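# Reading the structure
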Amino acid sequence: MALRAQSVVGYSRHRRRAARVPSRHSMKSLLKLLALLIIVLLVVVVGRTFLLPSKQMGKLPYTPEALDSQQASRNLAGAIASPTISWEGGGTDPQRKATQEAFAGLHAYLEKTFPQVYAKLEHETIGENNLLFTWKGSDPSLKPILLMGHQDVVPVETGTEGKWTHGAFSGDIADGFIWGRGALDDKMTVVGLLQAVDLLLSKGFQPKRTIYLAFGQDEEIGGMEGAEKIAQMLKSRGVQLEFVEDEGGFISRGLVPGVSAPVAMIGTSEKGYLSLELTVETQGGHSSVPPPESSIGILAAAIRRIEKHPMPAHVHGPVGEFLEYAGGSASFPMRMVFSNMWLFGPVVQYILESSPDSNATLRTTAAATIFQAGTKDNVMPSQAKAVVNFRLLPGDTIASVTEHVRKVVNDPRVKMQPLPGEAPAEASPRSSAESPEFRLLQKTLAQVYPDAVVAPFVFVGGTDSKHYAALTQNIFRFAPMVLESEDIARIHGTNERIGVGNFARMVEFYSQLMRNAAG
Ligand SMILES: [Zn+2]
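Residues numbered from 1 in each chain as written. Predicted model: local features only at pLDDT ≥ 70, side-chain atom pairs only at ≥ 80, totals over all residues. Heavy atoms only, no water.

### Comments concerning the nonpolar core
Soluble globular proteins tend to pack their nonpolar side chains together in the buried interior. Quick note on the threshold: To define a nonpolar core, start from buried Ala, Val, Leu, Ile, Met, Phe, Trp, Tyr and Cys residues and group those joined through side-chain atoms within 4.5 Å. Using a 1.4 Å probe on the protein chains alone, a residue whose accessible area is under 20% of its type maximum counts as buried, one over 50% counts as exposed, and one in between counts as partly exposed. Numbering of helices and strands starts at the N terminus; helices are DSSP runs of H or I of at least 4 residues and strands are runs of E of at least 2. The contact rule is simple, with two residues in contact once any of their heavy atoms fall within 4.5 Å.
Counting 87 residues, the largest nonpolar core has Ile 498, Phe 503 and Met 514 as its most contacted members. The biggest single contributor to this core is helix H16 (residues 500-518), with 11 residues. The contacts of Met 514, once residues within four sequence positions are left out, are Trp 135, Leu 147, Leu 193, Ala 196, Val 197, Leu 200, Phe 205, Ile 211 and Gly 519. Counting residues in hydrophobic clusters, the runner-up holds 22 residues, among them Leu 278, Ala 384, Ile 398 and Val 409.

### Things to note about the sheet that holds strand S14 (residues 414-418)
Put simply, the test is: In short, DSSP must find at least two bridges between two strands for them to pair. Orientation is described by axes fitted as lines to C-alpha atoms, over the contacting stretch for helices, and by angles from 0 to 180 degrees between their N-to-C directions.
Spatially, 4 strands are ordered S11-S13-S9-S14 in an open sheet, and the strand pairing comes out antiparallel. The sheet terminates laterally at strand S11 (365-373) and S14, the two strands that pair on one side only. Taken over all neighbouring pairs, the strand axes of this sheet differ in orientation by 20° on average, direction set aside. Note that strand S9 (residues 272-281) and strand S13 (residues 383-392) share 10 bridges and pair antiparallel. Opposite Leu 276, over in S13, you have Val 388 as the bridge partner. Across the sheet, helix H8 (residues 295-308) is in contact with S9, S11, S13 and S14; its angle to S13 comes to roughly 15°.

### So, the packing of aromatic side chains
Selection criterion: Here the aromatic set is Phe, Tyr and Trp, taking the six-membered ring for Trp, and pairing holds for ring centres within 6.5 Å; pairs whose planes are under 30 degrees apart are stacked, those over 60 apart are edge-to-face, and all others are tilted.
Tallied over the full model, the rule gives 10 aromatic pairs. Relative to Phe 205, the ring of Trp 135 has its centre 5.9 Å away and its plane inclined at 75°; by these criteria the two rings are edge-to-face. One end of the pair, Trp 135, is in strand S2 (residues 130-135); the other, Phe 205, is in the loop between helix H6 (187-202) and strand S6 (211-216), with 70 residues separating them in the sequence. Trp 135 gets classed as buried once you look at its relative accessible area, which sits at 4%. Ring plane angle 70° and centroid distance 6.1 Å describe the contact between Tyr 325 and Phe 438, whose orientation is recorded as edge-to-face. Of the two residues, Tyr 325 sits in helix H9 (residues 318-326) while Phe 438 sits in helix H14 (residues 436-448), which places them 113 residues apart along the sequence. Take Phe 438: its relative accessible area is 0%, and that puts it in the buried class. A network of ring pairs unites the aromatic residues Phe 243, Tyr 325, Phe 438 and Phe 476 as a single cluster.

### Describing the coordination of the zinc ion
Where we set the bar: Donor atoms are limited to N, O and S found within 2.8 Å of the metal ion, a distance that becomes 3.2 Å for Na, K and Ca. With water left out, some sites might look partial. For a four-donor site, all angles between 85 and 135 degrees give tetrahedral; for four or six donors, opposite pairs above 155 degrees with the remaining angles between 65 and 115 give square planar or octahedral; all remaining cases count as irregular.
Around the zinc ion, the protein contributes the donor atoms His 150 (NE2), Asp 185 (OD), Glu 247 (OE) and Glu 247 (OE), at 1.9 to 2.5 Å from the metal centre. Its 4 donor atoms give the zinc ion angles of 53 to 145° at the centre, a pattern that matches the irregular case. One chain supplies every donor to the zinc ion, and in sequence these donors are spaced H-x34-D-x61-E. Of this pair, Asp 185 sits in the loop between strand S5 (177-179) and H6 while Glu 247 is found in strand S7 (residues 243-253), placing the two residues 62 residues apart along the sequence. Here Asp 185 matches Glu 247 in class, with each residue buried.

### Quick look at helix H7 (residues 227-236)
To keep things clear, this is the line we draw: What the arc covers is the set of directions going from the helix axis to the C-beta atoms.
Those residues of H7 that fall on the buried side of the exposure criterion are Ala 227, Glu 228, Ile 230, Ala 231 and Leu 234. Down the axis of H7, the buried set is contained in an arc of 165°. They therefore lie on one face. Next to the buried residues of H7 lie strand S1 (122-126), S2, strand S3 (145-150) and S6. At the C-terminal side of H7, Gly 238 shows a positive phi close to 75°.

### Quick look at the environment of Arg 477
What counts, and what does not: Whenever a nitrogen or oxygen atom comes within 3.5 Å of another N or O atom, the pair is scored as a polar contact, on the condition that within protein one atom can donate a hydrogen and the other can accept it, and that pairs from neighbouring residues in sequence are kept only if both atoms are in side chains.
Within the secondary structure layout, Arg 477 lies in strand S16 (residues 475-484). With a relative accessible area of 2%, Arg 477 lands in the buried category. Separated by 20 residues in sequence, Arg 477 and Phe 457 place their C-alpha atoms 9.4 Å apart. Within the local environment of Arg 477, its side chain forms a polar contact with the side chain of Glu 270, the two groups lying 2.8 Å apart.

### Brief notes about the layout of surface pockets
Under the convention used in this document: Two kinds of site are reported from a 1 Å grid over the protein atoms alone, namely cavities, where a 1.4 Å probe fits but cannot get out, and pockets, open sets with protein on both sides within 12 Å along at least five of seven lines, and residues are called lining when an atom falls within 4 Å of a point. Grid points are joined across faces, edges and corners, and a volume is the space filled by probe spheres set on the points. Basically, the charged four are Asp, Glu, Lys and Arg, the nonpolar ten are Ala, Val, Leu, Ile, Met, Phe, Trp, Tyr, Cys and Pro, and anything else, Gly included, counts as polar.
Estimates place the volume of the second largest pocket at around 410 Å³. What lines the second largest pocket is a set of 17 residues, among which Gly 90, Arg 96, Gln 217, Asp 218 and Ile 221 lie closest to the centre. Counted by class, the lining of the second largest pocket contains 5 nonpolar, 7 polar and 5 charged residues.

### So, the side chain of Glu 65
Positionally, Glu 65 belongs in the loop between helix H2 (24-51) and helix H3 (69-80). Contact partners of Glu 65, with chain neighbours within four places excluded, come to Leu 199, Leu 200, Lys 203, Glu 508, Ser 511, Gln 512 and Arg 515.

### As for the pattern of salt bridges
Our working definition: What makes a salt bridge here is a side-chain nitrogen of Lys or Arg within 4 Å of a carboxyl oxygen of Asp or Glu, nothing more.
A full pass over the atoms with the stated rule returns 25 salt bridges. The residue Lys 136 makes a salt bridge to Glu 122 at a minimum N-O spacing of 3.3 Å. Of the two residues, Lys 136 sits in the loop between S2 and S3 while Glu 122 sits in strand S1, which places them 14 residues apart along the sequence. Each of Lys 55, Glu 324, Glu 434 and Arg 439 takes part in a single network of salt bridges with overlapping partners.

### Section: the packing of H8 against helix H13 (residues 398-409)
For the record, the criterion: Put simply, angles under 35 degrees are roughly parallel, angles over 145 are roughly antiparallel, angles from 65 to 115 are roughly perpendicular, and the rest are oblique. Crossings are sorted by hand: turned counterclockwise from the far helix by less than a right angle, the near helix makes the crossing left-handed, and turned clockwise it makes it right-handed.
Packing of H8 against H13 brings their axes to within 9 Å, and their N-to-C directions diverge by 120°. With respect to each other, H8 and H13 are oriented oblique. Note that H8 runs across H13; the crossing there is right-handed. Taking contact as the criterion, the partners of Ala 302, Arg 305 and Ile 306 in H8 are, on H13, Val 405, Val 408 and Val 409.

### Regarding the pairing of strand S15 (residues 453-459)
The buried fraction of S15 is high, at 7 of 7 residues. As paired strands, strand S8 (residues 263-270) and S15 are joined by 7 bridges and run parallel to one another. Bridge pairing links Met 265 to Ala 455 in S15.

### Section: the confidence of the model for the protein
Low-pLDDT portions of the prediction should not be read for the details of their coordinates. Under the convention used in this document: The predictor attaches a confidence to each residue, and that confidence, scored 0 to 100, is pLDDT.
Summing up the model confidence of the protein, the mean pLDDT is 91 and the portion of residues at 70 or higher is 96%. This stretch, residues 1-19, has a pLDDT under 50; its non-local contacts, to residues over four places away or in other chains, come to 0 contacts.

### Topic: helix H11 (residues 341-353)
Stated precisely, the cut-off is as follows: Here, expected helix span is obtained from the residue count minus one, scaled by 1.5 Å. Note on bend: at a given residue it equals the angle between the axes fitted to the 7 residues ending there and to the 7 starting there.
Taking 1.5 Å as the rise per residue, H11 with 13 residues should run 18 Å; its terminal C-alpha atoms sit only 16 Å apart, a clear shortfall. At Val 347, H11 is bent by approximately 35°, the largest bend along its length. For H11, the complete set of buried residues consists of Met 341, Gly 345, Val 348 and Leu 352. The inward-facing, buried residues of H11 abut H9, helix H10 (332-339) and helix H12 (356-362).

Put into structure tokens, the structure is as follows:
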């Protein structure tokens with residue numbers, strides 16, 4: 001053995017010496033080889049840029065419904081005027097009473113506004129304020145579809161009331177917009193779907209496949225009394241669904257770098273939710289004789305370690321799929337990059353990590369949101385508590401994230417547990433963008449929004465659709481409205497509004513989707 005090892009060493013020494021003084025001939029062939037490699041690489045990179053098949057459908061023929069957009073706008077404005085506010089933690093007695101009155105008002109208003117829908121569809125109230133409409137299909141062998149939205153809205157932030165150009169619950173229509181809380185989240189879906197059904201009814205349309213419209217009462221505070229109750233009811237009736245369509249993505253303009261066309265972002269998954277409470281207990285005492293490490297110092301160091309060691313990024317996960325779809329419509333240099341993620345993946349990851357928005361689509365994020373310790377300036381606090389909120393990328397689990405945090409913190413003095421009183425949620429499964437159900441959405445977009453590029457993505461927030469996970473594999477999160485970056489701040493913010501034309505096209509989309517899915 002020793003001899004053989006020696007001979008190997010001797011051989012390599014000889015080789016090294018030879019390599020140090022290359023002949024002009026071998027240097028030339030080395031350069032030639034290098035040049036050849038670069039050419040091959042270039043051919044592959046450029047070839048893939050041009051030859052990778054597009055994931056888009058292009059424009060498809062379509063006859064728009066004749067919709068009275070002014071009437072549709074008034075219908076939405078009337079619904080916005082009911083302040084169906086979900087209060088975090090349940091709210092005070094007067095707040096709860098006002099919300100209950102608002103729901104009663106909204107329900108009476110919808111029935112008065114859409115008499116045809118109420119007359120021809122089965123409708124029921126589930127739980128306190130949830131609405132479920134059933135439009136029976138003529139072919140019971142086909143699985144139903146469920147189109148959903150939520151009736152509740154978030155409150156107006158105290159102190160910002162005066163900044164609203166039009167009152168948040170005035171239901172004003174002015175300057176080509178319908179103003180108020182719920183215009184973008186999510187009354188435009190509730191009224192948009194009812195309006196679409198109304199439109200199809202007046203054309204004599206009869207669905208082959210059953211269509212459910214499901215409107216929850218409390219999406220903004222988790223949906224446990226809302227969508228969860230509707231989903232349980234459907235499950236108890238043995239319903240399995242072809243697909244579910246909820247809010248989530250939208251048609252973004254100017255938000256995807258390098259892509260000038262509007263991008264219809266369809267959420268095929270959504271992130272999970274976990275809050276971990278971290279606690280450090282030490283002996284308290286007087287601050288005149290402090291120990292070398294305080295509970296605050298120990299906990300702060302633990303949090304810093306969590307921030308410095310994030311969960312791994314997955315550039316070939318949902319974000320890779322998004323780029324596969326959107327990349328084909330990007331400018332040439334971007335298209336070259338997106339078509340060759342096998343080569344440029346690390347560069348793309350580096351760029352995406354540099355912005356919080358895109359970083360959130362790459363990995364499970366950690367956000368330290370609460371830190372509590374100490375009550376007096378001359379007393380060592382015996383306890384420090386913090387909460388870190390994680391948003392789980394599909395693929396990571398509550399268990400794997402907790403384990404990661406334990407490893408990174410690596411300090412037995414830091415105790416951790418899920419935040420009491422809050423239910424963590426695993427990330428949703430990923431619905432397939434290659435499925436016929438996704439293609440149906442894509443086809444509808446190719447008809448109603450022919451200029452839009454369609455791309456699946458991971459929705460980083462939460463939606464009510466997660467409650468329907470047991471009823472179908474196909475859950476899509478997409479509100480068919482066009483938004484620019486300045487509109488996004490209006491969601492849950494000040495001066496929420498939707499354009500009259502924008503809303504009318506939503507109705508067109510929903511009615512066409514029903515025709516495509518159930519016609
Ligand atoms: Zn919403």
